[in-house]
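Remarks on the overall topology
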Amino acid sequence: ACSRSRERQRQRPGRQRRAGAASQALHIMNAQVIQLEDGWNKLKTGGVLKIEEILEDASGGVYKHRISTDEYSQLYTTVYTMCTQKPPNNWSEPLYNNYCEAVIDYLTARILPRIKEKHDEAMLRELVRRWENHKTIIRFLSHVFKYLDRFYVKRLSLPELAEVGSQKFLEIVFNAVKREVRTAILELVRRERECEQVDKQLIKSVIDIFVEMGGSRASLETYATDFEEMLLSTTADYYSRESAKWAGNDSFPEYMRKAEDRLKQEQDRVANYLHSSTEEKLLKVCEEQLLQNPEQQLLEKEHSGCEKLLLDNKTEDLSRMFRLFSRIPTGLPPIANIVRKHITDVGLALVKKQSVNAEGDLMPYVQELLDIHDKYTELVGSGPEKGCFQGHNIFHKAMKEAFEVFVNKDIGKSATAELLSNFCDNLLKKSGERLSDEALEDKLEKVVRLFGYLSDKDIFAEFYKKQLAKRLLLARSSSDDAERSMIAKLKLRCGAQFTSKLEGMVTDMNLSQDIQSAFAEHVKDKELELDTDLTVQVLTTGFWPTYKSDELNLPKEMLQCIETFKAFYDLRTSHRRLRWVHSLGSATVVGKFTASGKSKEHDLLVSTYQACILLLFNEADSMTFSDIQGHLNLPAEELKRYVLSLCVGKYKILTKDPAGKEVAPTDKITYNAAFSDRARRIKVPMIAAKITQEEKDATRATVDEDRKHAIEAAIVRIMKTRKSLDHQKLVLEASTQLMRHFKPDPKQIKKRIEDLIHREYLERDPSNPNLYKYLA
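This one's a predicted model, so the numbers in the text were calculated from it and none came from an experiment.

1. Points about the environment of serine 142
When you line up the elements, serine 142 lands in helix H6 (residues 120-144). With a relative accessible area of 12%, serine 142 lands in the buried category. Sequence-distant contacts of serine 142, defined by excluding residues within four places in its chain, comprise Leu161 and Ala162.

2. Notes on the packing of aromatic side chains
Counted according to the given criterion, the structure contains 24 aromatic pairs. An angle of 10° between the planes, with centres 4.1 Å apart, marks the rings of phenylalanine 389 and phenylalanine 395 as stacked. Residue classification places phenylalanine 389 among the buried positions, given a relative accessible area of 0%. Exposure remark for phenylalanine 395: the relative accessible area of 0% places this residue in the buried category. Put simply, the rings of Phe519, Phe565, Phe568, Tyr569 and Trp580 touch in pairs and so form one group of aromatic residues. A cation sits over an aromatic face here: arginine 471 above tyrosine 464, 5.3 Å from the ring centre. Note that arginine 641 overlies the ring of tyrosine 642, its terminal NZ or CZ placed 5.4 Å from the centroid.

3. A short note on unusual backbone geometry
With an omega dihedral of 10°, the bond running from proline 87 to proline 88 counts as a cis peptide bond. The omega angle of the peptide bond from aspartate 657 to proline 658 is 5°, so this bond is cis rather than trans. When you line up the elements, proline 658 lands in the loop between strand E4 (654-657) and strand E5 (668-671). A positive phi angle is found at asparagine 633, which is not glycine, with a value near 60°. Among the secondary structure elements, asparagine 633 is positioned in the loop between helix H26 (625-632) and helix H27 (636-647). Residue lysine 723 is not a glycine yet carries a positive backbone phi of 70°. For lysine 723, the location among the structural elements is in the loop between helix H28 (693-722) and strand E7 (724-726).

4. Here we look at the layout of surface pockets
Unoccupied space between atoms shows up once a probe the size of one water molecule is rolled over them. Empty space within the second largest pocket amounts to approximately 650 Å³. What lines the second largest pocket is a set of 25 residues, among which Asp458, Gln497, Phe498, Asp706 and His741 lie closest to the centre. Mapped onto the lining of the second largest pocket, the elements with two or more residues apiece are helix H21 (457-473), helix H23 (496-525), H28 and helix H29 (727-738). If one sorts the elements of the lining of the second largest pocket by residue count, H28 sits on top with eight residues.

5. Things to note about the nonpolar core
Formed by 162 residues in total, the largest nonpolar core has its most connected members in Phe145, Ile185, Met321, Phe325, Phe389 and Phe460. The element contributing the most residues to this core is helix H8 (residues 161-193), with 14 residues. Not counting residues up to four positions away in its chain, the partners in contact with isoleucine 185 are Leu124, Ile203, Val206, Ile207, Phe210 and Phe227. Counting 36 residues, the second-largest nonpolar core is a separate cluster that includes Val589, Phe593, Leu646 and Ile682.

6. Quick look at the pattern of salt bridges
Under the definition given, this model contains 61 salt bridges. Across the pair glutamate 242 and arginine 262 runs a salt bridge whose closest N-O atoms are separated by 3.6 Å. Of this pair, glutamate 242 sits in helix H10 (residues 221-249) while arginine 262 sits in helix H11 (residues 252-272), and the two are 20 residues apart along the sequence. Arginine 262 carries the same exposure label as glutamate 242, and that label is buried. When the shortest N-O distance is used, the salt bridge between lysine 491 and glutamate 503 registers 3.3 Å. Placement of the pair is lysine 491 in helix H22 (residues 480-494) and glutamate 503 in helix H23, with a sequence separation of 12 residues.

Conventions used here
- Residues numbered from 1 in each chain as written.
- Predicted model: local features only at pLDDT ≥ 70, side-chain atom pairs only at ≥ 80, totals over all residues.
- Heavy atoms only, no water.
- Helix = DSSP H or I, 4+ residues; strand = E, 2+ residues; numbered from the N terminus.
- Buried < 20%, exposed > 50% of the residue type's maximum accessible area, 1.4 Å probe, protein only.
- Contact = heavy atoms within 4.5 Å.
- Phe/Tyr/Trp six-rings, centres within 6.5 Å; stacked < 30°, edge-to-face > 60°.
- Lys NZ or Arg CZ within 6 Å of the ring centre and 35° of its normal.
- 1 Å grid on protein atoms, 1.4 Å probe; cavity = no way out; pocket = protein on both sides within 12 Å on 5 of 7 lines; lining within 4 Å.
- Points joined across faces, edges and corners; volume = space filled by probe spheres on them.
- Core = buried A, V, L, I, M, F, W, Y, C linked by side-chain atoms within 4.5 Å.
- Salt bridge = Lys/Arg side-chain N within 4 Å of Asp/Glu carboxyl O.

If you want it as structure tokens, here you go:
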């Protein structure tokens, strides 16, 4: 550089002064070149050693000495100069190496011995103090050596100075004391679990060191390997011992309270000083030892286990049991099994108790079934925070399976399907249980839920259809809205096909009102004179139960009305034929009596048969039973009931000689002219015919016949779609389709398949007799 300056001076004498000035500046710069040893001594003395001394002398976070801004600037400038000097005086690499060696020396000579000479909590406090000091030193030196970091380190992709500081602490200090540190922390954790007071902030500070040893990438490998694994292992051992002790000494509810409390403590422990990633693993270990391993032993505890809690209806303990055991994957199935068994036992005990009195009134039994269902529905719950088991599916399934066992048990010769239908009838008819609209709706909803457990829903449907028919035809229904609501509930549960006939019956009643109005208009327009008013209900045969036909000889007053209506109906339609069912009819007959010499009239509300008997006495005051039978042409047994209802019932409109409840053909029946009652209108009750076993059997036979058609229809539907199918699959698919209405017997399905083969709907595969083919 000096040589070039002199050459320029010779060429340009006019610029001599400026060249001389440049030469002087270069001379000063040459004088300021910092040698490695001088520079490093300055940095070491004024920087590294001084910051170490300041931190050593600090007490309670108060520093006695400080490094001034000027001192810091000189240190930074020294590093800058040493790194920017031209080779061979560029000391970037030696500076980097010297920095590393200084950190190593400091950690080896000053930090590690100070930590190792202490034990337990004192060692932990020293470790925390030394780590905080180390971070302060590294942070300070990283600023001083910033230029080195920004250019030299980045250009050669070397570890940054702060990272070197942390890494050396890990290698030299942490790895040397980590076992002792871990042991000391775990001892503090154990003491806290034993309800001793410990320094949580100290534990948190040490745990943070384990986390920070993962480096700048925030890796938790060091924390997980050097601390967490041993924490989980010691936790498992601790709670294994605690669990065994509690299980031996405490009742199941007491055990659960302690377990719940401990799990809460462990969650708080994570929040107080452990890393958040540990929570799931720690709780899993606790749950395994406190809940999963001893579960069966706890549930089966003799005087306080799950069965006992259910028997005593300990809802708080049952709720706690669900909360705890729902935390583990295999926790709920064993409880669900106990719940299933318990509900089944309760139900079967009720069935057994009721079977002793199978001939008595069975409506209280149905009410008890509903009460049991209410109780366990509330127990299982309908959703989160509702019920002990919060509506969990596994308990709904257990409850369903339990109820299906005993709800399908017969009481004597009465199926629960029949009893449920009778119960509904009692709710829906006027003479039955009086309830508000809301209470009636609620009870019907409960009945339908119980109905859902029936395997023979079609038997219920058949009985319900007959009882609905009586309510509608005899105007005994307490509420049309309730009738429609019940049908809608059944439709929702079983589909439109199940309730189509019931809906048809209700529709018929509405249409009958329209027909009646049209008939009244017809009589008025044609100026017809009828001896009596007539109301006709026209029913569609396919919807209604099958009723017996009789050859009743009607009185002329009634006969004229019927002929007039038939002529009117034939004008409306030419494709329908009327068949009269007199057994369901009713009439109002005016009776004239002379009690105590005074003439008095009564409106007698009677059945059609009773009306026919009474009208005979317009012709004669007395006649024998056989005479009455001859006039009316009714079966003797049927006629006896109607005669007795008029002779020996509440209202003795007729008298019988001889008196008594037996009727002989020669018994004399006489018009009772002296009959009297306060009321003008009198409803003459029938002597109720008990539903005989034959009638029940006939209902069952109807159901069996309907089942044959249903099974055949299902088989044909399946085969029409599938074209060919083997026997097992066909039986399975048919059973699945039919299960909504009844539980089919595989033998029945096999019989129907054979019958369909015989009628050439299906055929067997010639090479495989178990394979069926559909014949189009």
